Amino acid sequence: ELADIFVLPIDYEGSILQDSGIFPTTEKVNEEAVQIAIKDGFDLRTTVTSNGLPVRLLTYLVPQGEPVQVFQIGRYLIEQQRVLRLLFNTMVILGGIVTILFGLISWYLAGRTIKPSQTAWDKQQTFIANASHELRAPLTLIHAGVELSLRKTETPSQKQLLSDVLADANYMNKLIE
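Residues numbered from 1 in each chain as written. Predicted model: local features only at pLDDT ≥ 70, side-chain atom pairs only at ≥ 80, totals over all residues. Heavy atoms only, no water.

A. Quick look at helix H2 (residues 78-152). The terminal C-alpha atoms of H2, which comprises 75 residues, lie 106 Å apart, in line with the 111 Å expected from a rise of 1.5 Å per residue. Maximum bend of H2: about 30 degrees, positioned at Lys115, with proline Pro116 one to four residues after it. Listing the buried residues of H2 in full gives Glu79, Ser132, Leu139 and Val146. Against the buried residues of H2 lie helix H3 (156-176). (Helix = DSSP H or I, 4+ residues; strand = E, 2+ residues; numbered from the N terminus. Expected span 1.5 Å × (residues − 1). Bend = angle between axes of the 7 residues up to and from the residue. Buried < 20%, exposed > 50% of the residue type's maximum accessible area, 1.4 Å probe, protein only. Contact = heavy atoms within 4.5 Å.)

B. Looking closely at the nonpolar core. Phe6, Leu8, Ile10, Val29, Val34, Val55, Leu57, Val70 and Tyr76 together form the largest nonpolar core, which totals 9 residues. Elements supplying a minimum of two residues to this core: strand S1 (5-10), strand S3 (54-61) and strand S4 (70-76). Among the elements that make up this core, the one with the highest residue count is S1 (3 residues). Other than its neighbours up to four places away in sequence, Val34 contacts Ile10, Val29, Thr59 and Gln72. (Core = buried A, V, L, I, M, F, W, Y, C linked by side-chain atoms within 4.5 Å.)

C. Structural view of the pattern of salt bridges. Counting across every chain of the model gives 3 salt bridges. Taking the shortest distance from any N to any O, the salt bridge between Asp43 and Arg45 comes out at 2.6 Å. Judged by its relative accessible area of 17%, Arg45 falls in the buried class. Salt bridges sharing common partners tie together Glu32, Asp43 and Arg45. (Salt bridge = Lys/Arg side-chain N within 4 Å of Asp/Glu carboxyl O.)

D. Focus on the packing of H2 against H3. Across the interface, H2 lies against H3 with an axial gap of 10 Å and an inter-helix angle of 160 degrees. Classified by the angle between their axes, H2 and H3 sit roughly antiparallel to one another. In this structure, the crossing between H2 and H3 has a hand that is left-handed. Only Lys159, Leu162, Ser163, Val165, Leu166, Ala169, Asn170, Met172, Asn173 and Ile176 of H3 make contact with H2, whose side of the interface consists of Ser132, Leu135, Arg136, Leu139, His143, Val146, Glu147, Ser149 and Leu150. Looking at the contact of H2 with H3, its residues break down into 10 nonpolar, 6 polar and 3 charged. (Axes fitted to C-alpha atoms, helices over the stretch in contact; angles between N-to-C directions. Parallel < 35°, antiparallel > 145°, perpendicular 65-115°, else oblique. Left-handed = near helix turned anticlockwise from the far one by under 90°. Nonpolar A, V, L, I, M, F, W, Y, C, P; charged D, E, K, R; others polar.)

Written out as structure tokens, the structure reads:
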């Protein structure tokens, strides 16, 4: 069915030769194609038959002296179009399945790849929380002791020194936060 063809043996006037021995057909001659084939030697075109079927026509001029002067060979395209639609639909479905499959595999592999990073991130956050807690406790004691000493000190040089220690303790506290 993919090579469903017909052959029209034609004379120079465009009439079908009935006594050529080639199987009969119900198709009509494409006069425009015959005129171009007589002028140029051949004509190749896609057209529609009288009953609405798409057809690819090759009209070929035969050398002089033969009983048939022009052949018009047609191949119906309806089966090819059906096969092409089937092929296209199959490719779209297979393409969709492959895309979904690749997406799922990528998602799975990405999850496996991120898992060690997530574990390392969690450990880092735990370490930071523990370290900041361990650093804040002595810093709070230092801060309280310096403030108490600052209240009781009366000499300006000691006040300056204790104020510097207090400022550094506040700076360390901000770093820890």
